Amino acid sequence: MNQTNAPHSADTDHHYFWFRILIIQSLLMTAYVMPMYGFNALIKPINEILDPKHVLNGWPGALAGASVFMGTGFSFSLEWLTRKWSARAVRRWLIANAILSLAVIVAAVACWRGSLWLLLVASFIAGIATGRCFTHSTQVILSWGRTMGRLGLQSGVFGLMFGLWAAAYSFVAPMAIERWGLEWALIGTAVLVLLVSWIAVVKLRDPPASIQAATTDKPAMPLGQLVGSKPYWVMSIFLLIFLTPGFGFKIIVQSLAQHAYHVTTMTASLVAVAFLVSYGVSRLICGLVADHFRLKPMFLLFTGGQALLLLTAAIGLPHFKEIGFLAVMMCLVGSLFAAGKSLWGMLTIVLFGHANLNVGIKATLFAFALAGVVGPLTLNWALRSTDVIVATSWWMYAMSAAMTIAVVLVWALRPFDFEAYDQHRGQSLHFKPGSRDALDRF
């Protein structure tokens, strides 16, 4: 995305990182996340239009949210098309944001026309564009963090902005919808996303090429080689399980709060804001400490912690009749979910090398997409039962059991063994403590 070929000194690069990339660019290059991460604010208004008999637990809103996440798994198609349209990364970034904004406007038209199918198509296209924006912004922002020796810090700040944008949107969107209607609120969202995307590319440049080359410690891999490896599949299945409960809460949080506890829209919005702020802050804190600790123990902590918290929530939910217990447990689960998600890019770099960050993120977006479908739809199914509290409790039991499996997957996870690949040996998985080697400790 470099807009100039002029060389820059090391001092200039460090100044640019600290005073432009770390805060300002992280904020500007994450605005596109509002329609996806703040989708909890849109579910009730969508159901009011398309399924007025089931305002809080109807399928249209949940399906639209799931369609956005599913679309992210197909973002490679947009990358392929935009590379044909333009060789410049800055133009491809703007095209992806423009398509996202256009899809949100089409979603507004779908709500005007009362067309569920048009809404689902628009949501799916919005997800494709969001996935492309995510892949590109992650590559640009984390590459700067790595070259400046602050990868964990940059990951944390980057993740914080996701939580802040989503929290702000979850709070403001219900008020905007109440005043102007869902359709005009969506159009305003589209305009804001497009405007910020243009501001984001002003004077933006890539990390110094010389430093990038010096920090590339593993060779580049074709997509087929990466996807055909055991580390990829272990990581992808782990991510699918790890992300599912958090995405379920993220999309259904307002509907769950209102349907199960009969609170007002404002109270439900505040619960969503609390969840998303804790999500963002957790990503920041995790990023700050990630530069000083090994990744595997951290992921074991975050995954095992989620399993225990989900089990505690499942046991306690039928016994606590106030929304406070659910809100606190969601925030705690969301914090661990966010902490692990904050290290997604770092984990990809450790497993496959910095040269494969882009292809690794792109390949594992399918796990992200499936988690964004399974989590919201299964939790929305729980909302449609005759006893919402009991059904949600059983949902949490199931998520806790699945998270226990994810702990085992983290234990078995190891970086891609390039030496074994060069010698035509398979990628091994080690479960027994005595069979572990240096690659199992990262």
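Scroll up a little and you will see the structure.
Re the side chain of Thr 130
- With respect to the helices, strands and loops of the structure, Thr 130 is situated in helix α7 (residues 116–147).
- By relative accessible area, which is 4% here, Thr 130 ends up buried.
- With near-sequence residues (within four places) excluded, Thr 130 lies in contact with Tyr 32, Met 36 and Leu 100.

Re the nonpolar core
- Tyr 32, Tyr 37, Phe 249, Leu 343, Phe 368 and Met 396 are the most contacted members of the largest nonpolar core, which totals 151 residues.
- With 17 residues, the single largest contributor to this core is helix α12 (residues 230–261).
- Look past the residues within four positions of Met 396 in its chain and what remains in contact with it is Phe 249, Leu 310, Ala 313, Ala 314, Leu 317 and Leu 326.

So, unusual backbone geometry
- Positive phi is not limited to glycine here, since Lys 203 has a value of about 60°.
- Tracing the backbone shows Lys 203 in the loop between α9 (182–200) and α10 (209–215).
- Positive phi is not limited to glycine here, since His 262 has a value of about 55°.
- Within the element layout of this structure, His 262 appears in the loop between α12 and α13 (265–290).
- His 262 sits in the exposed class, given a relative accessible area of 68%.

What to know about the packing of aromatic side chains
- Applying the stated criterion to the full structure yields 31 aromatic pairs.
- Centre to centre, the rings of Phe 74 and Phe 124 are 5.5 Å apart; their planes meet at 55°, and the pair counts as tilted. With Phe 74 in the loop between α4 (59–72) and α5 (75–85) and Phe 124 in helix α7, the pair connects residues that are 50 residues apart, well separated along the chain.
- The class of Phe 124 is partly exposed, set by a relative accessible area of 27%.
- For the pair Phe 247 and Phe 368, a centre-to-centre distance of 5.0 Å together with 75° between the ring planes defines the contact as edge-to-face. Placement of Phe 247 in helix α12 and of Phe 368 in helix α17 (residues 357–383) is noted, with a sequence separation of 121 residues between them. Across the pair, Phe 368 and Phe 247 agree in class, each one buried.
- By the ring-pair criterion, three or more aromatic residues cluster together here, those being Tyr 32, Tyr 37, Phe 69, Trp 93, Phe 134, Phe 158, Phe 162, Phe 247, Tyr 279, Phe 337, Trp 344 and Phe 368.
- Its end group placed over the ring of Tyr 16, Arg 205 keeps NZ or CZ at 4.2 Å from the ring centre.
- Over the face of the ring belonging to Phe 162 we find Lys 341, whose NZ or CZ atom lies 5.6 Å from the ring centre.

Calculation notes
Residues numbered from 1 in each chain as written. Predicted model: local features only at pLDDT ≥ 70, side-chain atom pairs only at ≥ 80, totals over all residues. Heavy atoms only, no water. Helix = DSSP H or I, 4+ residues; strand = E, 2+ residues; numbered from the N terminus. Buried < 20%, exposed > 50% of the residue type's maximum accessible area, 1.4 Å probe, protein only. Contact = heavy atoms within 4.5 Å. Core = buried A, V, L, I, M, F, W, Y, C linked by side-chain atoms within 4.5 Å. Phe/Tyr/Trp six-rings, centres within 6.5 Å; stacked < 30°, edge-to-face > 60°. Lys NZ or Arg CZ within 6 Å of the ring centre and 35° of its normal.

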